[in-house]
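What the coordinates show
The lines below spell out each chain.
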Amino acid sequence: MKSGDTVEYRLIRSKRRTLGLEVRPEGVIVRAPLRVSKAEINEFVLKNKAWIEKQQVKMEELKKREEGVAPLTMDEIRLLAEQASKVIPERVRHYAPLIGVTYGRITIRNQRTKWGSCSAQGNLNFNCLLMLTPSEVQDAVVVHELCHRKYLDHSPEFYREVERVYPDYRKWDSWLKQEGNLLMRRMKRM
């Protein structure tokens, strides 16, 4: 960021239709359609300057919080995976009939970016780090993945089904978005 009415950014042009902003530790990235003028891009960036600054402050706060977080050892990860292999299948068995779906294999992984996933074949994957979250977050992730057995997208219908089964979903999904990155960093720093 420069002082005054300018914002430093890196520009990436593509065949996209809309302007987009990303704030990363290495700087601001603007994604723009090929046809949009530099003046329009600058106006867009300045219009979003307050949002950019807010994101940069959040990033700095997260960086400070991360400094005090110890990476997980292999033994800790193994223990989390063992715990998850007992807890998660039980939650899946509880929620699947409420949603009215079946499922295939349940796998517990030590993933660095995802909390869960559902394949087109109905196999479910869950991150062992879920054991470091409140049980309500675990339920939110289980319900989310099981609802993908009905909807393989994130459509409004998908979220209606998720919230029908788990009315507090948004609250705990929000918790995971706020706190989850810090937990993931414990895995990444290994």
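See the structure shown above.
Structural notes, computed from the coordinates. (Residues numbered from 1 in each chain as written. Predicted model: local features only at pLDDT ≥ 70, side-chain atom pairs only at ≥ 80, totals over all residues. Heavy atoms only, no water.)

On a plain count of helices and strands, the chain comes out with six helices and six strands. Start at the N end of the chain and walk to the C end: the helices and strands fall as β-β-β-α-α-α-β-β-β-α-α-α. By residue count, 39% of the 190 residues in the chain fall in the buried class. Excluding contacts between residues fewer than 6 apart, the proportion of contacts in the chain whose partners are at least 24 apart in sequence is 55%. When the accessible surface of the chain is summed, it comes to about 11,500 Å², and 50% of that surface belongs to carbon and sulfur atoms. For the chain, the distance from the average position of its 36 positive side-chain charges to the average position of its 25 negative side-chain charges is 5 Å. (Helix = DSSP H or I, 4+ residues; strand = E, 2+ residues; numbered from the N terminus. Buried < 20%, exposed > 50% of the residue type's maximum accessible area, 1.4 Å probe, protein only. Contact = heavy atoms within 4.5 Å. Areas by Shrake-Rupley, 256 points an atom, 1.4 Å probe, with all protein chains shown as cover. Lys, Arg positive; Asp, Glu negative; His and termini not counted. Charge placed at Lys NZ, Arg CZ, Asp CG, Glu CD.)

Okay, the packing of aromatic side chains next. A full pass over the atoms with the stated rule returns three aromatic pairs. Judged by centre distance (6.2 Å) and plane angle (90°), the ring pair of Y95 and Y166 falls under edge-to-face. Residue Y95 is located in helix α3 (residues 74–99), and its partner Y166 is located in the loop between α5 (156–165) and α6 (169–188); the two are separated by 71 residues in the primary sequence. Relative to Y159, the ring of F158 has its centre 4.9 Å away and its plane inclined at 80°; by these criteria the two rings are edge-to-face. By relative accessible area, F158 is classed as buried at 0%. Three or more aromatic residues link up through ring pairs in this structure, and these residues are F158, Y159 and Y169. Across the ring face of Y159, the terminal group of R170 is positioned such that the distance to the ring centre comes to 4.9 Å. (Phe/Tyr/Trp six-rings, centres within 6.5 Å; stacked < 30°, edge-to-face > 60°. Lys NZ or Arg CZ within 6 Å of the ring centre and 35° of its normal.)

Per the stated rule, a full pass over the model turns up zero disulfides. As a non-bridged cysteine, C128 has C118 as the owner of its nearest cysteine sulfur, 19 Å distant. Cysteine C147 shares no disulfide, and the gap to the nearest cysteine sulfur, in C118, comes to 9.9 Å. C147 sits in the buried class, given a relative accessible area of 0%. (Disulfide = S-S within 2.5 Å.)

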